[in-house]
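# A closer look at the structure
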Amino acid sequence: MSNLHTTEHTEQHGGSTKEIWNVTIILSVLTIVELALGFWMMKITSDATRFGFKGIIVILMLVKAFYIVAYFMHLKHEIKNMIMTIVVPLALFIWFIIAFLYDGNSYKNLRNNYDSFKKSQSEIKVEKKEAAHGESHKTAE
Amino acid sequence: MATTTVAVNQKMWGGGKSPFNIEYGKVMMWYFLMSDAFTFGAFLISYGTIRFSSNGWPDPNEVFQSFPGLGSGLPLMFVSLMTFILIVSSVTMVLAVHAGHNNDKKGVVNNLILTIVFGAAFLGCQAWEWTHLHHEGAWWGANPFLNADGTASSTNFTNYFFTITGFHGFHVLSGVVINIVMLIMTLTDTFEKRGHYLMIEKAGLYWHFVDLVWVFVFTCFYLI
């Protein structure tokens, strides 16, 4: 019990109400920008431009994640050892994402090159089925 | 001599001043959240890998385009509402933690109630969306949607969607339950007697993590 009290009193209580509202505004604005990009992207047909838009959205997502972790979860106000303990292991994600997405893409290319049947199957256009509410349970089970 | 101060051969940290200057429970909550981040990360990276290895993928704007009471043809609208509900609930949770620092019981209670209400609202939205998709014929192992280029789609899309949003929804549900427990403990003066509201901070960390995961899930499934 005495331990609890000592930690409580030495803990840094950074983060005022003003900071909370600032972060709220930043998060809302970022979300609105993301959604605006999403709406704008619907009208774009060029794959390269769409890819660029997706890149921007992913960067905005990371900025939002930073604000939530740093301010709402208070990590920015902890001491550096604590920040490092959490952030450094998460750096593994950089490798995970690059390696796995590269591998997925490579698998697609290999299959398209060497499995022409699979490739031709994936190019057949299908008629769009109308969604019927009554049929739902049949398809679901 | 300095060596005489270490009487026993100590292998574990025996307590005393926290090396991280924060309470033990909070450190452990951070470690748990880190492991949970790896679980969600594994799910999302697996989803990305399968999506990168597929020749076609459904367009989220065609799949998620309904709003309760307003019909269909409204892509992104409903999910925007869900996103804002979760952001607002995160803000009220910060305010509850903030009130806890000032030992302001009334502030904690009010903000916790708001957080619980918004959390429940988010769960309600998700329940509606799942029901709607299920009525359209989508479920684990069933995908009525076509790829964006008009070719037949595999069930990977719905499998990943229901698994990942379901796992996230279960976290939201746990968060709401934890917040209700916190509310009851605040109302029964448990924290008042303890002299501090540190428990609210741990619940808050968990709740913000749930919001954080939604930022990623929302981007990966609905936006890109």
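What you see is a predicted model, and the numbers here were worked out from it, not measured in a lab.

### Let's talk about the overall build of chain A
- Summing up its helical and strand segments, chain A has 7 helices and 0 strands in all.
- Going residue by residue from the N terminus, the α and β elements of chain A occur as α-α-α-α-α-α-α.
- Counting all 141 residues of chain A, 28% fall into the buried class.
- Contacts spanning at least 24 positions in sequence make up 53% of the contacts within chain A whose residues lie at least 6 apart.

### Brief notes about the packing of helix H3 (residues 47-72) of chain A against helix H7 (residues 198-223) of chain B
- Following both chains from N to C, one finds H3(A) and H7(B) inclined at 175 degrees, their axes separated by 10 Å at the closest point. One element, H3(A), and the other, H7(B), form an angle in the roughly antiparallel class. Of the residues in H7(B), those touching H3(A) at Ile57(A), Met61(A), Leu62(A), Lys64(A), Ala65(A), Ile68(A), Val69(A) and Phe72(A) are His208(B), Asp211(B), Leu212(B), Val215(B), Phe216(B), Phe218(B), Thr219(B) and Leu223(B).
- Its residues assigned to classes, the contact of H3(A) with H7(B) shows 12 nonpolar, 2 polar and 2 charged.

### Notes on the side chain of Ser90(B)
- Looking at the element boundaries, Ser90(B) is found in helix H3 (residues 77-101).
- Judged by its relative accessible area of 0%, Ser90(B) is buried.
- Once residues lying within four places of it in the same chain are set aside, the contact partners of Ser90(B) are Phe72(A), Trp207(B), His208(B) and Asp211(B).

### Things to note about the interface of chain A and chain B
- Facing the 71 residues of chain A at the interface are 65 residues of chain B.
- A combined buried area of about 6,200 Å² lies between chain A and chain B, and 72% of that area is made up of carbon and sulfur atoms.
- Connecting chain A to chain B are 1 salt bridge.
- The shortest N-O distance in the salt bridge between Glu78(A) and Lys26(B) comes to 3.8 Å.
- Counting only elements with at least two residues in the side of chain A that touches chain B, the list comes to helix H1 (2-10), helix H2 (17-42), H3, helix H4 (80-90), helix H5 (92-114) and helix H7 (136-140) of chain A.
- Across the side of chain A that touches chain B, the residue classes break down as 37 nonpolar, 22 polar and 12 charged.

### A look at the pattern of salt bridges
- By the definition in use, this model includes 6 salt bridges over all chains.
- Through salt bridges with shared partners, a single ionic network connects Glu78(A), Lys26(B) and Glu201(B).

### A closer look at unusual backbone geometry
- Its identity is not glycine, yet His74(A) carries a phi of approximately 70 degrees, on the positive side.
- Unlike most non-glycine residues, Asn21(B) shows phi in positive territory, near 65 degrees.
- Locating Asn21(B) in the fold gives a position in the segment before helix H1 (24-52).

### Observations concerning the packing of H2(A) against H3(B)
- Packing of H2(A) against H3(B) leaves a shortest axis separation of 11 Å and a crossing angle of 170 degrees. Our classification of the angle between H2(A) and H3(B) gives roughly antiparallel. Contacts from Thr17(A), Ile20(A), Trp21(A), Thr24(A), Leu27(A), Ser28(A), Thr31(A), Ile32(A), Leu35(A) and Phe39(A) of H2(A) reach H3(B) at Met77(B), Ser80(B), Thr83(B), Phe84(B), Ile87(B), Val91(B), Val94(B), Leu95(B) and His98(B).
- In the contact of H2(A) with H3(B), the residues fall into 12 nonpolar, 7 polar and no charged.

### Section: H3(B)
Residue and element names in this part refer to chain B.
- The first and last C-alpha atoms of H3 sit 37 Å apart over 25 residues, in line with the 36 Å expected at 1.5 Å per residue.
- Among the 25 residues in H3, 20 count as buried, and that is most of the element.
- In the stretch just after H3, Asn103 is the one whose phi turns positive, near 50 degrees.

### Description of the confidence of the model for chain B
- On average, residues of chain B score 91 in pLDDT, and 95% of them are at 70 or above.
- Interface confidence for the predicted complex, expressed as ipTM, amounts to 0.88; the pTM equals 0.87.

### Looking at the packing of aromatic side chains
Residue and element names in this part refer to chain B.
- Taken as a whole and assessed by the stated rule, the structure comprises 35 aromatic pairs over all chains.
- Relative to Tyr222, the ring of Phe161 has its centre 6.1 Å away and its plane inclined at 75 degrees; by these criteria the two rings are edge-to-face. Here Phe161, found in helix H5 (residues 156-187), pairs with Tyr222, found in helix H7; they are 61 residues apart in sequence, far enough to count as distant. Of the two residues examined, Phe161 and Tyr222, each falls in the buried class.

### A look at the nonpolar core
- In terms of nonpolar packing, the biggest core is built from 90 residues, with Ile200(B), Trp214(B) and Phe221(B) touching the most fellow members.
- Secondary structure elements with two or more residues in this core: H2, H3 and H4 of chain A together with H1, H3, helix H4 (105-135), H5 and H7 of chain B.
- With 17 residues, H7(B) is the single largest residue contributor to this core.

### What to know about H5(B)
- Taking 1.5 Å of rise per residue, the 32 residues of H5(B) would be expected to cover 46 Å, and the 46 Å separating its terminal C-alpha atoms lies within 8% of that figure.
- Immediately beyond the C-terminal end of H5(B), within one or two residues, lies Asp189(B), with a positive phi of roughly 65 degrees.

### Let's talk about a nonpolar patch on the surface
- Taken together, the side chains of Phe170(B), Leu173(B), Val177(B) and Val181(B) make up a nonpolar region of the molecular surface, amounting to roughly 350 Å² of accessible area.
- As for its position among the elements, Val177(B) is in helix H5.

### Description of the confidence of the model for chain A
All names here are of chain A.
- Here chain A averages 83 in pLDDT, and 79% of its residues register 70 or above.
- Per-element averaging of pLDDT across chain A places H7 at the bottom with 41 and H5 at the top with 95.
- Counting interchain partners and residues more than four positions distant, the pLDDT-below-50 stretch residues 1-12 has 23 contacts.
- Considering only residues more than four positions removed or in separate chains, one finds that residues 131-141, a stretch of pLDDT under 50, has 10 contacts.

Definitions and limits used
- Residues numbered from 1 in each chain as written.
- Chains lettered and ligands numbered in written order.
- Predicted model: local features only at pLDDT ≥ 70, side-chain atom pairs only at ≥ 80, totals over all residues.
- Heavy atoms only, no water.
- Helix = DSSP H or I, 4+ residues; strand = E, 2+ residues; numbered from the N terminus.
- Buried < 20%, exposed > 50% of the residue type's maximum accessible area, 1.4 Å probe, protein only.
- Contact = heavy atoms within 4.5 Å.
- Axes fitted to C-alpha atoms, helices over the stretch in contact; angles between N-to-C directions.
- Parallel < 35°, antiparallel > 145°, perpendicular 65-115°, else oblique.
- Nonpolar A, V, L, I, M, F, W, Y, C, P; charged D, E, K, R; others polar.
- Buried area = accessible area lost by both parts, 1.4 Å probe.
- Salt bridge = Lys/Arg side-chain N within 4 Å of Asp/Glu carboxyl O.
- Expected span 1.5 Å × (residues − 1).
- pLDDT = per-residue confidence, 0-100.
- Phe/Tyr/Trp six-rings, centres within 6.5 Å; stacked < 30°, edge-to-face > 60°.
- Core = buried A, V, L, I, M, F, W, Y, C linked by side-chain atoms within 4.5 Å.
- Patch = residues over 30% accessible without salt bridge, like charges linked within 9 Å, V, L, I, M, F, W, Y side chains within 5 Å.
- Areas by Shrake-Rupley, 256 points an atom, 1.4 Å probe, with all protein chains shown as cover.

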